Amino acid sequence: MPRIMSVENLSVRFASRSGQIEVVKDLNFDLWTGQVLGLVGESGSGKTQAFLAIMGLLARNGRAEGRALLGDVDLLQLKPRALNRMRGREIAMVFQDTAAALNPTLRIGIQMAEVLALHHAVPLPQAELAAIDMLDMVGISDPERRARCYPHELSGGMRQRVLIGMALMCRPKVLIADEATASLDATVQAQILTLFKTVCDRLGTALVLITHDLSLAASIADRMMVMYAGQAVEIATTDALFHDPRHPYTRGLLASTPAATVTRGKLYTIPGPPPRLLEGERGCRFNPRCPHRAAHCVELAPILRPVALDHQVACHFDIGGASQ
Amino acid sequence: MIRFILRRLAIAIPTLLALIVVSFILMKVAPGNPFTGEKTLPKEVMANIMARYGLDKPEWQQLLDYISNIVLHFDFGPSFKYKDRSVTEIIAQGFPVTFTYGMWTFVVSTVLGVFVGVLAAVRQNSWVDYLSLGITIGAQVVPVYVVAPLLVLIFTLWLGWLPGGGWNGGHWSNVILPVVALSFSLVASVARIMRSSMLEVLGSNYIRTARAKGIPGYKIILRHALRPALLPVVTYLAPMLVYVITGSVIIDMYFSTGGIGSAFVNSALNRDYSTAMGITILYGTLTIAGNLLVDLIYAWIDPKIRL
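The structure presented is a predicted model; accordingly, all values stated were derived computationally and were not measured.

Examining the overall build of chain B
Reasoning step 1: Within chain B, the regular secondary structure consists of 12 helices and zero strands.
Reasoning step 2: Ordered by position in the sequence, the α and β elements of chain B form the string α-α-α-α-α-α-α-α-α-α-α-α.
Reasoning step 3: Residue pairs at least 24 apart in sequence account for 72% of intrachain contacts in chain B once pairs closer than 6 positions are excluded.

Printed below as a string of structure tokens:
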């Protein structure tokens, strides 16, 4: 299966009053045609910022370093005009908070059509017909009528489908879904995930599913990347991650996920607060909360290393074997 | 939408009636009458004049006569001051002047203000932003009666480019200075409102969505940001519209434009009851119409507002 995108040594820094904050540090991963990468981690772990950086959408005080190769084009080096030709056409993003992510003053048909009109020089009326087809594809009934609606006239689930459809208008090679189902109720969530899977299979799109919900990502992801404090701590196939987690943080995450079968007892929580991300701090970023901490964990940052086929972990220890 | 307009027009009628009654009472409460002057008239003469204009009748009768004349004949009565002129004639003469420079002021202030505001927002924290901020704050605090003579000084006396006064049938050279003087602080206000609301819109999630779609910057401004950012500006435009088309006494005085502003002030000073009432009703009508117009624009900008 061909590789579509490869991200190398991606770092994202923000200038703040208390110095440089490094919210993403040396991120390395690849995306493959038609595959789903689940990206999990707690709030503030840099999941969203990493992909905003790739899309060139960082806030003004943010800086990205490294490479984000889409084919042989490094997105991070592109000038605004060249980047605009890639965004929406080759790589697209679906945002969370559907109420705010759509323009309240434009009909959704127009908002969807303009992507196609822009990138493929299709006249707008024709692009609107394509938008109606897309609404149908993402499972919106009565698409002709819905296309003429304003965002506030649709439900949250429908708006989410609109955003997904909008991102897919130009059949992008990479689709980034940032907490795209977070605000939806469980049944709609499941429908949207199924929709994602169908789309990836049909269009060969590589999907990145950013979420803080492990089990949600696991339901459709082929591979998983766990991020902690701006770094990838474990990358593995979904199967391996769940049955053979190697990083203490991943284990903690799995242990703190409520299981439907257990009815008694207190839910496990990882002790301690998430770290501050000031630059220049040594050692493993997880060490203050790690049950396996040793002296050199405080001094030396572990690098991501392979521990099995298609399984990488950033930890000094090999705590493999049976899962918790 | 049509029902909304009709309903608003229906509300306008009692509003105007209330306006007439209140202004009528206020005028009667004020001491003196149109014919009191430095020279006291003989009692008989005064009684004659009062009878001639119907001022000898009880007040409620005068009010009813006045209203019924307007409703039945669209007649606002004769001027109490200028014997051979009716109020309708006075308004017909002054209002077109006021309306002309008022509408130009409105257009110039809105267009220029929006343009400057957008520019400052897009180039936030650049020299363009700081320069426009500085100029707009300055322009906002300088009153019309300072701007007007300064403009005359520069463009009439020093440069000799434009006439310093007169109307000349609305020749463009006579219109420019009044419009510039009146626009001065309005441009500044519009620009500052526009800048802050544009900044807010540009920081919103849907603008990020538009950028993620690869839409170039100028198209984002024009298609995605301008309309929602105009909303607070439109709120300001309602009172501004009324302010500019009801005219400015100061403009009429400095530029001798002969607009309705000076007629209004004179009528009040002279106790010219009918003229003052007529212009008050005109202002009231314009205010109601202006607000209705702004509400319609509001609904056009924000689809969430249903009329």
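Re the overall build of chain A
Reasoning step 1: Secondary structure assignment for chain A yields 12 helices and 12 strands.
Reasoning step 2: For chain A, the C-alpha radius of gyration of 20 Å lies close to 20 Å, the compact-globule estimate for 324 residues.
Reasoning step 3: Principal axes of the C-alpha set define a box for chain A whose edges measure 65 × 50 × 40 Å.
Reasoning step 4: Put simply, of all contacts in chain A between residues at least 6 apart along the chain, 64% involve residues at least 24 apart.

What to know about the environment of Pro291(A)
Reasoning step 1: Assignment of secondary structure puts Pro291(A) in the loop between α11 (248-255) and α12 (295-299).
Reasoning step 2: Spatially, the C-alpha atoms of Pro291(A) and Gly34(A) are 37 Å apart, while their sequence positions differ by 257 residues.

Considering the environment of Ser11(A)
Residues and elements named next belong to chain A.
Reasoning step 1: Summarising the element assignment, Ser 11 is placed in strand β1 (residues 3-16).
Reasoning step 2: Judged by the 20 C-beta atoms lying within 10 Å of it, Ser 11 falls in the buried class.
Reasoning step 3: Along the chain, Ser 11 and Val 122 lie 111 residues apart, while their C-alpha atoms are 37 Å from each other.
Reasoning step 4: Excluding residues within four positions of it along the chain, Ser 11 makes contact with Glu 22, Val 24, Lys 25, Asp 26, Glu 65 and Gly 66.

Description of the confidence of the model for chain B
Reasoning step 1: A residue-level look at chain B finds 99% of positions with pLDDT of 70 or above and a mean pLDDT of 86.
Reasoning step 2: As a predicted assembly, this complex carries a pTM of 0.81 together with an ipTM value of 0.86.

Things to note about the sheet that holds strand β5 (residues 73-74) of chain A
Residues and elements named next belong to chain A.
Reasoning step 1: If you trace the four strands from one edge of the open sheet to the other, you get β2-β1-β4-β5, paired in antiparallel fashion. Only two strands of the sheet have a single partner each, and these edge strands are β2 (19-32) and β5.
Reasoning step 2: Across eight bridges, β1 lies against strand β4 (residues 62-70) in antiparallel orientation. Bridge pairing in β4 links Met 5 to Leu 70.
Reasoning step 3: Across the sheet, helix α1 (residues 47-55) lies against β1, β2 and β4, angled at about 105° from β1, the strand it touches most.

So, the interface of chain B and chain A
Reasoning step 1: At the junction of the two partners, chain B supplies 18 residues and chain A supplies 24 residues.
Reasoning step 2: Here the side of chain B that touches chain A gets six residues from one element, more than from any other, and that element is helix α8 (residues 205-212) of chain B.
Reasoning step 3: Here the residues of the side of chain B that touches chain A are counted per class, giving seven nonpolar, five polar and six charged.

A short note on the pairing of strand β8 (residues 206-211) of chain A
Residues and elements named next belong to chain A.
Reasoning step 1: The element β8 is largely enclosed, with a buried count of six among its six residues.
Reasoning step 2: Side chains Ala 206, Val 208 and Ile 210 project from β8 onto one buried face, and the interleaved Leu 207, Leu 209 and Thr 211 project onto a second face that is buried too.
Reasoning step 3: Bridging between strand β3 (residues 36-40) and β8 involves five bridges; their strand directions are parallel. Of the residues in β8, the one forming a bridge with Val 40 is Thr 211.
Reasoning step 4: Summarising the sheet, strand β7 (residues 174-178) and β8 pair through five bridges and their orientation is parallel. Bridging across to β8, Asp 178 finds its partner in Ile 210.
Reasoning step 5: In this view, the connection linking β7 to its parallel neighbour β8 by way of helix α8 (residues 186-203) has right-handed handedness.

Some thoughts on the nonpolar core
Reasoning step 1: By size, the foremost hydrophobic cluster in this structure holds 140 residues, and its most contacted members are Phe51(A), Val94(A), Ala177(A), Val208(A) and Leu209(A).
Reasoning step 2: Counting residues per element, this core draws most heavily on helix α7 (residues 172-202) of chain B, at 15 residues.
Reasoning step 3: Among residues more than four places away in sequence, those in contact with Leu209(A) are Val36(A), Leu37(A), Gly38(A), Leu39(A), Ala177(A), Ala217(A), Ile220(A) and Ala221(A).
Reasoning step 4: By size, the runner-up hydrophobic cluster in this structure holds 15 residues, among which are Phe76(B), Phe80(B), Ile91(B) and Phe264(B).

As for the environment of Ala167(A)
Residue and element names in this part refer to chain A.
Reasoning step 1: Within the element layout of this structure, Ala 167 appears in helix α7 (residues 156-168).
Reasoning step 2: A sequence separation of 134 residues divides Ala 167 from Ala 301, and the C-alpha atoms of the two residues are 38 Å apart.
Reasoning step 3: Discounting residues that sit within four places of it in the chain, Ala 167 has contacts with Ala 92, Met 93, Val 94, Pro 172 and Leu 175.

Points about unusual backbone geometry
Note on backbone geometry: most residues besides glycine have negative phi, and most peptide bonds are trans.
All names here are of chain A.
Reasoning step 1: Positive phi values are uncommon outside glycine, yet Asn 9 reaches one of about 50°.
Reasoning step 2: Take Asn 9: it is sitting in strand β1.
Reasoning step 3: Classification of Asn 9 by C-beta neighbours within 10 Å gives exposed; the count is 11.
Reasoning step 4: Not every positive phi belongs to a glycine, and Asp 26 is a case in point at roughly 45°.
Reasoning step 5: By secondary structure assignment, the location of Asp 26 is in strand β2.

Digging into the packing of helix α5 (residues 127-141) of chain B against α7(B)
Residues and elements named next belong to chain B.
Reasoning step 1: The geometry of α5 relative to α7 is characterised by a closest axis approach of 8 Å and an angle of 135° between their N-to-C directions. What the angle tells us is that α5 and α7 run oblique. Here α5 and α7 pass one another in a crossing that is left-handed. Contact with α5, carried on its side by Ser 132, Thr 136, Ala 139 and Gln 140, involves Phe 184, Ser 185, Val 187, Ala 188, Ser 189, Ala 191 and Arg 192 of α7 and no other residues of that element.
Reasoning step 2: Here the residues of the contact of α5 with α7 are counted per class, giving five nonpolar, five polar and one charged.

What counts, and where the lines are drawn
Residues numbered from 1 in each chain as written. Chains lettered and ligands numbered in written order. Predicted model: local features only at pLDDT ≥ 70, side-chain atom pairs only at ≥ 80, totals over all residues. Helix = DSSP H or I, 4+ residues; strand = E, 2+ residues; numbered from the N terminus. Contact = placed C-beta atoms within 7 Å. Rg over C-alpha atoms; globule rule 2.2 N^0.38 Å. Buried ≥ 20, exposed ≤ 12 C-beta atoms within 10 Å, placed from the backbone. pLDDT = per-residue confidence, 0-100. Pairing = 2+ DSSP bridges. Axes fitted to C-alpha atoms, helices over the stretch in contact; angles between N-to-C directions. Nonpolar A, V, L, I, M, F, W, Y, C, P; charged D, E, K, R; others polar. Right-handed = clockwise from strand over helix to strand, strands pointing away. Core = buried A, V, L, I, M, F, W, Y, C linked by C-beta atoms within 7 Å. Parallel < 35°, antiparallel > 145°, perpendicular 65-115°, else oblique. Left-handed = near helix turned anticlockwise from the far one by under 90°.

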